[in-house]
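# Chains, contacts and geometry: an overview
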Amino acid sequence: MALMRSLLLAASQNRWLREHATHYSFVRGTVSRFMPGESLDDALGAAETLRNKKIGTVFTHLGENIKDRDEAQEVADHYIVVLERIKEKDLHAEISVKLTQLGMDLSPDLCFEHLNAIVERAHRDSIVWVDMEASNYVDATLDVYRRALAAHPNVGICLQAYLHRTKEDLTKLLSLRPSVRLVKGAYNEPPEIALARKQDVDDNYFELGKLMLLAKKENRCVRAAFGTHDVALIQRLAGFANAEGFAKRDFEVQMLYGIQRAEQERIASEGCTSIVLVAYGSYWYPWFVRRLAERPANLWFMVRNVFAG
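Residues numbered from 1 in each chain as written. Predicted model: local features only at pLDDT ≥ 70, side-chain atom pairs only at ≥ 80, totals over all residues. Heavy atoms only, no water.

### With respect to the nonpolar core
Which entries qualify depends on this criterion: In plain words, nonpolar cores are sets of buried Ala, Val, Leu, Ile, Met, Phe, Trp, Tyr and Cys residues tied together by side-chain atoms within 4.5 Å. When accessible area is computed with a 1.4 Å probe and restricted to protein chains, residues below 20% of their type maximum are described as buried, those above 50% as exposed, and intermediate ones as partly exposed. Here a helix means four or more residues in a row that DSSP labels H or I, a strand means two or more in a row labelled E, and each is numbered from the N terminus. Contacts are assigned to residue pairs that have any heavy atoms within 4.5 Å of one another.
Core analysis: the largest hydrophobic core is formed by 82 residues, its most contacted members being Phe59, Ile95 and Leu115. Among the elements that take part in this core, helix α5 (residues 69-89) stands out by supplying 8 residues, more than any other. Aside from chain neighbours lying at most four places away, what touches leucine 115 is Val97, Leu99, Leu102, Val128, Val130, Val144 and Ala148.

Here it is in structure tokens:
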């Protein structure tokens, strides 16, 4: 499984595969399981269906590493439109942005300006989430996040449990009362930067999750969200939250569209906060292959599509 994950992560960065794989019907058929379509209207339709199941939504427009100012401006403008459409449809929905889409590679100041403009248009009771990307972007991402959080309380950050540095990063952030979404991590990182063994990542995730929950209990963390499809890990964290006296609604799990659907509905039916990340856009190949690497069982789903087609 470790070898398979490494191969998939390498494939996610391969330009030839990105340009050619998206034309194969079995690949497009598989990715449709994980995103309702490439357009914003597709994503909004999925959110309305999820709302009927008492499940919230986080929208993310796929793309990364934009190095053109006009394109970065277009992404910022697009997210402002998304916020307007959320308001029009009265959806329980938020957005999650990648800073490299907002011009991080051009200028951190430009990136901050775009992020700030987006957050200013968001409802004060909702969070604008900032995704975490590869390890070489962590420091720059945290710097921009701190600037945004100083101006707006309704901005959140994603942290990755497989990075050795994350406990220290989380501890420093807690003095600022952040909102944090914890994920395992989905980039191809060397062992000196990231944990390699699944059990080590799971153990670190649980310890970081406990730290987040305790900080929330002490009012040092606004939102503590767990971005994982690992049912056993979710149950361990839910048990800890219950033992600490948390209300059901204060235990929040965020999953990807199309994965662990029954678990998403179970969490919502029990009164906990169940959120689904709905991705859309044409630049889905690297995102999709990282999803395969996170959960190799998804690769077998794609293989079945080959033979079914």
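### So, the confidence of the model for the protein chain
What counts here: One confidence number per residue, pLDDT, is output by the predictor and ranges from 0 to 100.
When pLDDT is averaged along the protein chain, the result is 89; 82% of the residues meet or exceed 70. Counted against residues more than four places away or in other chains, residues 301-309, with its pLDDT under 50, gives 11 contacts.

### Overview of the sheet that holds strand β3 (residues 128-130)
Adjacent strands of a sheet form backbone hydrogen bonds with each other and so pair up, either parallel or antiparallel. As a reminder, the rule being used: What makes two strands pair is DSSP finding at least two bridges between them. Interaxial angle, 0 to 180 degrees, is taken between N-to-C directions of lines fitted to C-alpha atoms, where a helix line uses only the stretch in contact.
Taking strand neighbours around the barrel as the criterion, the 8 strands line up as β1-β2-β3-β4-β5-β6-β7-β8 in a closed arrangement whose pairing is parallel. When the angles between neighbouring strand axes are averaged without regard to direction, this sheet yields 25 degrees. Here strand β6 (residues 223-227) pairs with strand β7 (residues 252-256) via 3 bridges, running parallel. The residue of β7 that forms the bridge with glycine 227 is glutamine 254. Packing against the sheet, helix α7 (residues 138-151) makes contact with β3, β4 (155-160) and β5 (179-183), and its axis sits at approximately 155 degrees to β4.

### Quick notes on the pattern of salt bridges
For the record, the criterion: When a carboxyl oxygen of Asp or Glu lies within 4 Å of a side-chain nitrogen of Lys or Arg, that pair is called a salt bridge.
In the structure shown here, the tally under the stated rule is 25 salt bridges. Here glutamate 48 and arginine 51 are joined by a salt bridge, their closest N and O atoms 4.0 Å apart. Placement of the pair is glutamate 48 and arginine 51 together in helix α4 (residues 40-51), with a separation of 3 residues, close to one helical turn. Residue glutamate 48 is classed as partly exposed on the basis of its relative accessible area, which comes to 28%. A salt bridge links aspartate 131 to lysine 98; its shortest N-O distance comes to 3.6 Å. A residue pair is termed long-range when its members are at least 10 positions apart, and aspartate 131 in the loop between β3 and α7 and lysine 98 in the loop between β2 (93-97) and α6 (108-121) qualify at 33 residues. Pair check on accessibility: aspartate 131 and lysine 98 agree, each one buried.

### Re the pairing of β4
Convention followed: The crossover handedness rule: strands pointing away from the viewer, path from first strand over the helix to second strand clockwise, crossover right-handed.
Among the 6 residues that make up β4, 6 are buried, leaving the element largely enclosed by the rest of the structure. Across the two faces of β4 the burial is the same, with Val155, Ile157 and Leu159 and Gly156, Cys158 and Gln160 all buried. When β3 meets β4, the two strands line up parallel, connected through 3 bridges. Looking at the pairing, tryptophan 129 lines up with glycine 156 of β4. In terms of handedness, the path from β3 via α7 over to β4 forms a crossover that is right-handed. With helix α8 (residues 166-173) bridging β4 and the parallel β5, this β-α-β connection has right-handed handedness.

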